[in-house]
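Remarks on the overall topology
The lines below spell out each chain.
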Amino acid sequence: MGISIAICEKDAPSAACAGLKKDIRKAMVSDIAPFGDAAIFDMVVSLDDAKAAFPDFEAFLKRNRINESTDAIYMEKVKKDDDRAILEPKAERRYTGWVDMTGMADDLRTKALELSKPENRVNGWDCLDFDEANKACAECPLSWDKGRGCIGAFGPDSTQLPEIAGRHGCDLVASVPELAKGCTILAPSDAEKLLKECATLADILPEEGKMAVRRYAGPVERMRLVAEISVKEGCGFYFF
């Protein structure tokens, strides 16, 4: 395992992804009853009904490229129009537990968030494809890790950088392993302190030897970049 460092990007005014990440578009809720037409469903035909409609069921699965281990026939998976026409009268709604929050009234949005967990939500950023997300990150002013984004490596769990920092009065860097355990959010004022410690570490690493420079100059530079953005954007940062 290793330790990483990241910006609290949703709190940064210049972050390309902030608006999209705050735009919740779908949520899985514990009760769909309050949401009416916003409740998402699949149109499904039971296996028994599908087999009754198609005596050569194996041929039906094959021509529609449906996995034989399916638990039901989902209409969206049926490719052949003739087969769809036969099955549509037998199809019933199967609610997924998700609700579509786009265009939802404010009171219902609040209710959806109350009835869902953060990990069971889809935001606008989640809806971007790989290339779109990469392009946004590469062009974002918060993309401090050479255009790859706003998360980067501090080092492995076994890194000796905190121990070196502790010996030279760099208390914040010395505490990184503990900060990472709790994903403690650090403030821009902490970033100002980190900038001073990074300057100190950059000066003393050569005294620790060439190996220390090779191993730790990179993490020190990455911390400096994160700290600069935290101060400039007025946003937090954290280790995890």
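Higher on the page you've got the structure.
Residue numbers restart at each chain and count upward from 1, following the sequence in its written direction. The model is predicted, so local features are restricted to residues of pLDDT at least 70 and side-chain atom pairs to those at 80 or more, both for listing and for counting; the totals for chains, interfaces and linings are taken over all residues. Just so you know, side-chain values use all the structure's heavy atoms and leave hydrogens and water out.

Turning next to the pattern of salt bridges. One side-chain nitrogen of Lys or Arg within 4 Å of one carboxyl oxygen of Asp or Glu is enough to make a salt bridge. A full pass over the atoms with the stated rule returns 11 salt bridges. When the shortest N-O distance is used, the salt bridge between E178 and K181 registers 3.1 Å. Of this pair, E178 and K181 both sit in helix α9 (residues 176-181), separated by three residues, roughly a single helical turn. Across the pair, exposure class does not vary: E178 and K181 are exposed alike. Counted as one network, the salt bridges with shared partners bring together E163, R167 and E208. Under the DSSP-based scheme used, a helix requires at least four consecutive residues in state H or I and a strand at least two consecutive residues in state E, with every element numbered from the N terminus. Burial classes follow relative accessibility: with a 1.4 Å probe on protein chains only, a residue under 20% of its type's maximum area counts as buried, one over 50% as exposed, and anything between as partly exposed.

A separate point is the layout of surface pockets. The volume enclosed by the largest pocket comes to roughly 160 Å³. If you trace the largest pocket, you find 14 residues lining it, with C17, K21, W125, C137 and C150 closest to the centre. Note on residue categories: nonpolar means Ala, Val, Leu, Ile, Met, Phe, Trp, Tyr, Cys or Pro, charged means Asp, Glu, Lys or Arg, and polar means any other residue, Gly included. Here the residues of the lining of the largest pocket sort into 10 nonpolar, two polar and two charged. We place a 1 Å grid over just the protein atoms. Points where a 1.4 Å probe fits but has no way out form a cavity, open points with protein on both sides within 12 Å along at least 5 of 7 lines form a pocket, and any residue with an atom within 4 Å of a point lines it. Grid points are joined across faces, edges and corners, and a volume is the space filled by probe spheres set on the points.

Patch membership is restricted to residues that have no salt bridge and whose relative accessible area is over 30%. Joining uses 9 Å for like charges and 5 Å for the nonpolar side chains Val, Leu, Ile, Met, Phe, Trp and Tyr. Every accessible area reported is derived by Shrake-Rupley at a probe size of 1.4 Å, with residue values counting cover from the shown protein chains alone. For the charge count, each Lys or Arg is scored as positive and each Asp or Glu as negative, with His and the chain ends excluded. Taken as the charge location is NZ of Lys, CZ of Arg, CG of Asp or CD of Glu. Side chains of R65, K77, K79 and K80 sit close together on the surface and give a patch of like positive charge. Of note, K80 is situated in the loop between β4 (73-74) and α4 (81-87).

The strand order across the open sheet built from five strands is β4-β3-β5-β2-β6, with neighbouring strands paired in antiparallel fashion. The open sheet has two edge strands with one neighbour each: β4 and β6 (121-123). Strand pairing is assigned whenever DSSP identifies at least 2 bridges connecting the two strands. Note that strand β2 (residues 24-28) and β6 share three bridges and pair antiparallel. Residue A27 lies in a different strand from β6, and its bridge partner there is R121.

Glancing now at a nonpolar patch on the surface. On the surface, a cluster of nonpolar side chains totalling about 250 Å² of accessible area is made up of F41, M43 and Y95. With respect to the helices and strands, M43 occurs in strand β3 (residues 39-45). A residue is classified by how much of its surface remains accessible, and M43, at 31% relative accessible area, is partly exposed.

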